[in-house]
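Each chain, written out:
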Amino acid sequence: FHYVDLRTFCYETEHLTRVERALRAFLPDEFEVTRAESEGHHGDRIVVLSARVENADGVRHVLGRLAALPEFERILDELDERVTDNTELFLRLDKQAALRGDVRRGDGITLRAKVEAYPATKEAAVENARAALARAATLPDRGAGASTARPSAPGGRAGRRTAPASGMWRFPRA
């Protein structure tokens, strides 16, 4: 793979640190996450969190995390539908599960990976993606031990819980 892009949105009803922690469940330790603020249709704040992993060790780490998916074999079988003519692999991952440290398919985190393919055809990309993902499944740690450390909050409040561990939602105070 040339690179892997991961992206998620943090809506006004969510805790930014929890959403970032969910994204970091797929990233190598101490990896930079980019934040961009946007505005929703009704004027609500949306923060877009994204990361691009380009170095080989980092890409292997992300692929190792994908190998922990319960339906990993099914994803290998679906590569024809998941790889585009532009040699990109797309997956959607569950943001809530990632917050708990689990790897599941679902909604919330989008993964886009540019597959190395020479010539740059969909067929070559599918075969290369299959081979790279199969190698990732044989890695000793299969992506275990992903970064689940909480990023430090301003004022040194790292690790302080502001909502139940089961979710990342916060609700406005009445």
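Predicted model only: the values in this text are computed from it and were never measured.

Engineer: Can you tell me about the sheet that holds strand β5 (residues 108-114), naming the residues and giving the values?
Structural biologist: By definition, the strands of a sheet pair up through backbone hydrogen bonds, in either a parallel or an antiparallel sense. Here we have five strands laid out as an open sheet, ordered β2-β3-β1-β5-β4, and antiparallel in their pairing. With one partner strand each, in any of the chains shown, β2 (34-39) and β4 (88-94) form the two edges of the open sheet. Neighbour-to-neighbour, the strand axes of this sheet turn through a mean angle of 20°, independent of strand direction. Sheet topology places β4 next to β5; seven bridges connect them, and they run antiparallel. The partner of D94 across the bridge, within β5, is G108.

Engineer: Got a sec to walk through the layout of surface pockets? Specific residues and values, please.
Structural biologist: The space that makes up the second largest pocket amounts to roughly 290 Å³. Lining the second largest pocket we find 17 residues, and of these F1, V59, L63, A132 and R135 sit closest to its centre. Put simply, the parts of the chain that give the lining of the second largest pocket at least two residues each are α2 (56-66) and α6 (122-137). Tallying contributions element by element places α6 first for the lining of the second largest pocket, with six residues. Here the lining of the second largest pocket is composed, by residue class, of 10 nonpolar, three polar and four charged.

Engineer: Could you give an account of unusual backbone geometry, with specific residues and numbers?
Structural biologist: The residue after Y118, namely P119, is reached through a cis peptide bond having omega 0°. Unlike most non-glycine residues, E30 shows phi in positive territory, near 60°. Relative to the helices and strands, E30 is located in the loop between α1 (16-24) and β2. Note on E30: relative accessible area 78%, which makes it exposed. In this structure, T87 takes a positive phi of about 60° despite not being glycine. Within the element layout of this structure, T87 appears in the loop between α4 (79-82) and β4.

Engineer: Requested: an account of the pairing of β5, with residues and values cited.
Structural biologist: The pairing of strand β1 (residues 3-11) with β5 spans six bridges and is classified as antiparallel. In the strand pairing of β5, D5 is matched with R112.

Engineer: An account of α1 is requested, with residue identities and associated values reported.
Structural biologist: Burial runs high along α1: eight of the nine residues are buried. What α1 keeps buried is the set L16, R18, V19, E20, R21, A22, L23 and R24. At its buried positions, α1 is contacted by β1, β2, β3 (45-53), α5 (95-99) and β5.

Engineer: Break down the confidence of the model for the chain for me, citing the residues and quoting the values.
Structural biologist: For residues with low pLDDT, the predicted coordinates do not support detailed interpretation. Across the chain, the average pLDDT comes to 82, with 80% of residues at 70 or higher. Taken together, the stretch residues 142-174 has pLDDT below 50 and engages in 58 contacts with residues farther than four places along the chain or on a different chain.

Calculation criteria
Residues numbered from 1 in each chain as written. Predicted model: local features only at pLDDT ≥ 70, side-chain atom pairs only at ≥ 80, totals over all residues. Heavy atoms only, no water. Pairing = 2+ DSSP bridges. Helix = DSSP H or I, 4+ residues; strand = E, 2+ residues; numbered from the N terminus. Axes fitted to C-alpha atoms, helices over the stretch in contact; angles between N-to-C directions. 1 Å grid on protein atoms, 1.4 Å probe; cavity = no way out; pocket = protein on both sides within 12 Å on 5 of 7 lines; lining within 4 Å. Points joined across faces, edges and corners; volume = space filled by probe spheres on them. Nonpolar A, V, L, I, M, F, W, Y, C, P; charged D, E, K, R; others polar. Buried < 20%, exposed > 50% of the residue type's maximum accessible area, 1.4 Å probe, protein only. Contact = heavy atoms within 4.5 Å. pLDDT = per-residue confidence, 0-100.

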